[in-house]
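The chain contents come next:
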Amino acid sequence: MGNTTYNYGNCETCDTPLEEQYIKQDFWIRGELIIIDHILAGVCPKCGEKIVNAETGQYIDELLKNNEYIISAPRISVPIIMFDEFKKRYDISNERSAYID
Ligand SMILES: [Zn+2]
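Because the structure is predicted, anything quoted here is derived from the model rather than measured.

Chemist: Got a sec to walk through the sheet that holds strand β1 (residues 19-29)? Specific residues and values, please.
Modeler: With antiparallel pairing, three strands are arranged side by side in an open sheet as β1-β2-β3. Of all the strands in the sheet, just β1 and β3 (50-51) have a single pairing partner and so form its edges. Both β1 and strand β2 (residues 32-43) contribute to a ladder of ten bridges, which runs antiparallel. Residue I29 lies in a different strand from β2, and its bridge partner there is E32. Helix-sheet contacts for helix α1 (residues 54-65) involve β1 and β2, and the interaxial angle to β2 is about 170°.

Chemist: Tell me what's going on with unusual backbone geometry, and back it up with residues and numbers.
Modeler: Despite not being glycine, D15 has its phi angle at roughly 65°, a positive value. On the secondary structure map, D15 appears in the segment before β1. Located in the positive-phi region is H38, a residue other than glycine, with phi close to 65°. Looking at where H38 falls in the secondary structure, it is placed in strand β2. Taking the number of C-beta atoms within 10 Å as the measure of exposure, H38 has 8 and is therefore exposed.

Cut-offs applied
- Residues numbered from 1 in each chain as written.
- Predicted model: local features only at pLDDT ≥ 70, side-chain atom pairs only at ≥ 80, totals over all residues.
- Pairing = 2+ DSSP bridges.
- Helix = DSSP H or I, 4+ residues; strand = E, 2+ residues; numbered from the N terminus.
- Contact = placed C-beta atoms within 7 Å.
- Axes fitted to C-alpha atoms, helices over the stretch in contact; angles between N-to-C directions.
- Buried ≥ 20, exposed ≤ 12 C-beta atoms within 10 Å, placed from the backbone.

In structure tokens form, the structure reads like this:
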């Protein structure tokens, strides 16, 4: 994707060559959910593992410490769901879950 500027090497988990692409990443900082969009990262096409280079990592650290910048950023609202409430309302205990046994 585009001209590669950094060699991310292979995935530490599954040894697949990482591909450079822009990602969105979420962080929980002081109890607040923050999403950083358009981060250039190495992404594993097989297992989804993501890494950034050292410089990008440093910029992310700086950004997450910069309260003033974060406060001035646009906001989105996201659903937050109480899982227990969902389970009570949509009882599937008579079916077998395909994901969790
Ligand atoms: Zn992988």
